[in-house]
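Given next are the chains, with one letter for each unit.
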There are 2 protein chains.
Amino acid sequence: MKIDGIDKKIIRSLTKDARTPILSIAREIGVSGAAIHQRLRKLEKAKLIDSYQMIINHEVLGYSTTVFIGVYLDNDVLLSSVVKRLKEMPEVLECHYTTGNFAIFIKVICKNNNDLVNVLETKIKKIKGVFKIETMVSLNQSIDRQYLI
Amino acid sequence: MKIDGIDKKIIRSLTKDARTPILSIAREIGVSGAAIHQRLRKLEKAKLIDSYQMIINHEVLGYSTTVFIGVYLDNDVLLSSVVKRLKEMPEVLECHYTTGNFAIFIKVICKNNNDLVNVLETKIKKIKGVFKIETMVSLNQSIDRQYLI
DNA sequence: CCTGAAACTCCGTGATT
DNA sequence: AATCACGGAGTTTCAGG
């Protein structure tokens, strides 16, 4: 997969604002719209482009608490059964199988601390196979971005 | 901020694919394109929409390792100076100030384990004020999504 | 908060170099 | 891999209910 300067400009532009018209990118770079169009198809075909997404600001909806949770599992539980439960919880945004002490590591958003307690005690701890959790609350997020090509 | 069923449909559609034409959403719901357009402006004005982004598949570029790193800082170091250094590293995707043992908690992507060692030893540990780190490698990510309205 | 229509802009494709 | 050209489609705005 070769990515030249023009590809980078396309990617940077659409990473910043996915609705930027192809034609305006084309004008900026100084090539035709069709050329940009072709390159985008090429990038999509190469699977370099995962998706185009509207990013929601959850804070406006009242979800102002981000929490990372390390989860310890019983030895005899099936990992996939726990993941399945977690997938049913919309507040679980990420789930990783990790090295280290935890079996899995998840990222969750909540409305506030009360909501957090509720999620931890009545949802996560109630999942069959979960025997201990360690929570780490993000008080402030100072970096949030994609890898810049 | 009130969000009704039509708003939800718009958001769900554009969260999945930000390039979905307004008109096709309009047809699906059974209202005019202008109505959807107006609602989108309303949602943007309310800051509910953070951005529209092309999401890059970093794995195709060779970045196949995701790592979470807990960072301990010297007591006398300025947090902002460390964050500033981290911002200069494109491989640092998130940085959180958290409760718990760590001062800050970061998410990083690397090409492979060698690259990881390089990032840890020659970059992060070399930042003034960082005195200890704990790394947790994600071997597999089974959930990755936005909060579904 | 909706609609329809007009004016404008863009998209996707095919032919060509 | 780029260009031009074109017909179909989408966007934006505005008057009006």
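Residues numbered from 1 in each chain as written. Chains lettered and ligands numbered in written order. Predicted model: local features only at pLDDT ≥ 70, side-chain atom pairs only at ≥ 80, totals over all residues. Heavy atoms only, no water.

Peer 1: Looking at this structure, I do not really get the relation of the copies chain B and chain A. What am I missing?
Peer 2: The two chain copies are connected by a rotation around an axis plus a translation along it. When chain B is fitted to chain A, the residual RMSD is 0.1 Å, and the transformation amounts to a turn of 180° plus an axial shift of 0.0 Å. Both chain copies can therefore be described as sitting about a two-fold axis. Every residue of chain B has its C-alpha some distance from the rotation axis, and the shortest such distance is that of Gln53 of chain B, at 2.7 Å. (Least-squares fit on C-alpha atoms with pLDDT ≥ 70 in both.)

Peer 1: Sorry if this is basic, but what is going on with the domain arrangement of chain A here?
Peer 2: Put simply, an interface is often sized by how much accessible area is lost when its parts join up. Its domain assignment divides chain A into domain 1 (5-45) and domain 2 (58-138). Here the C-alpha centre of domain 2 of chain A lies 38 Å away from the C-alpha centre of domain 1 of chain A. (Domains from an automatic or database assignment.)

Peer 1: Quick question: what am I supposed to make of the protein's contact with DNA strand D here?
Peer 2: Close contacts around DNA strand D come from 13 residues, with Ser32 and Arg39 of chain A together with Ile22, Leu23 and His37 of chain B the closest. Sugar plus phosphate: this is where 72% of the atoms of DNA strand D within 4 Å of the protein reside. Take Leu23 of chain B: an N or O atom from its main chain is 3.2 Å from a phosphate oxygen of DNA strand D. Within the residue set of the surface near DNA strand D, elements represented by two or more residues are helix H3 (33-45) of chain A together with helix H2 (22-29) and helix H3 (33-45) of chain B. Partitioning the surface near DNA strand D into residue classes produces seven nonpolar, three polar and three charged. (Near = heavy atom within 4 Å. Polar contact = N/O pair within 3.5 Å; in protein donor to acceptor, adjacent residues only side chain to side chain. Helix = DSSP H or I, 4+ residues; strand = E, 2+ residues; numbered from the N terminus. Nonpolar A, V, L, I, M, F, W, Y, C, P; charged D, E, K, R; others polar.)

Peer 1: What's the story with the pairing of strand S5 (residues 130-144) of chain B in this structure? I'm lost.
Peer 2: Consecutive side chains of a regular strand alternate in pointing toward one face of the sheet and then the other. Pairing between strand S3 (residues 92-98) of chain A and S5 of chain B: five bridges, direction antiparallel. Counted as the bridge partner of Glu94 of chain A is Asp144 of chain B from S5 of chain B. As judged from the eight bridges shared by strand S2 (residues 65-73) of chain B and S5 of chain B, these two strands associate in the antiparallel manner. The residue of S5 of chain B that forms the bridge with Val67 of chain B is Val137 of chain B. (Pairing = 2+ DSSP bridges.)

Peer 1: Help me out: how do you make sense of helix H4 (residues 79-87) of chain B in this one?
Peer 2: Along an α-helix, a turn takes 3.6 residues, which lines up residues three or four apart on a common side. Along H4 of chain B, the residues that are buried comprise Val82, Val83 and Leu86 of chain B. One side of H4 of chain B holds all its buried residues, which, seen down the axis, span an arc of 100°. The inward-facing, buried residues of H4 of chain B abut strand S5 (130-144) of chain A together with S2, strand S3 (92-98), strand S4 (104-110) and S5 of chain B. (Buried < 20%, exposed > 50% of the residue type's maximum accessible area, 1.4 Å probe, protein only. Arc of directions from axis to C-beta. Contact = heavy atoms within 4.5 Å.)

Peer 1: I'm lost on the protein's contact with DNA strand C in this one. Help?
Peer 2: Taken together, 14 residues sit near DNA strand C, with Arg27 and His37 of chain A together with Ser32, Ala34 and Arg39 of chain B positioned nearest. Counting only the atoms of DNA strand C that lie within 4 Å of the protein, the sugar and phosphate share comes to 72%. Taking His37 of chain A, its side chain carries an N or O atom lying 3.1 Å from a phosphate oxygen of DNA strand C. Here a base oxygen of DNA strand C sits 3.5 Å away from a polar atom, N or O, in the side chain of Gln38 of chain B. Listing elements by their share of the surface near DNA strand C, those giving two or more residues are helix H2 (22-29) and H3 of chain A together with H3 of chain B. If you tally residues by element for the surface near DNA strand C, the top one is H3 of chain B, at four residues. Residue composition of the surface near DNA strand C, by class: eight nonpolar, three polar and three charged.

Peer 1: Mind showing me how you'd approach the pattern of salt bridges here?
Peer 2: Residues and elements named next belong to chain A. Counted under the stated rule, the structure contains 22 salt bridges over all chains. The salt bridge partner of Asp7 is Lys42, with a shortest N-O separation of 3.1 Å. With Asp7 in helix H1 (residues 5-16) and Lys42 in helix H3, the pair connects residues that are 35 residues apart, well separated along the chain. A relative accessible area of 36% means that Lys42 is categorised as partly exposed. With its nearest N and O atoms 3.1 Å apart, the salt bridge here joins Arg85 to Glu88. On the basis of relative accessibility, which here comes to 37%, the residue Arg85 falls in the partly exposed class. (Salt bridge = Lys/Arg side-chain N within 4 Å of Asp/Glu carboxyl O.)

Peer 1: I keep staring at the interface of chain B and chain A and nothing clicks. Help me out?
Peer 2: On the side of chain A, 59 residues touch chain B, which itself brings 59 residues to the contact. Taken together, both faces of the contact between chain B and chain A bury some 5900 Å²; the carbon and sulfur share is 60%. In terms of surface lost to chain A, no three residues of chain B exceed Met54, Arg145 and Tyr147 of chain B, which account for 15% of the buried area on that side. Linking chain B to chain A there are four salt bridges. With a closest N to O distance of 3.0 Å, Glu44 of chain B and Arg19 of chain A form a salt bridge. Where chain B touches chain A, the interface holds 45 residue pairs in polar contact (both at pLDDT 80 or more). Within the residue set of the side of chain B that touches chain A, elements represented by two or more residues are helix H1 (5-16), H3, strand S1 (49-56), S2, H4, S3, S4 and S5 of chain B. Its residues assigned to classes, the side of chain B that touches chain A shows 33 nonpolar, 14 polar and 12 charged. (Buried area = accessible area lost by both parts, 1.4 Å probe.)

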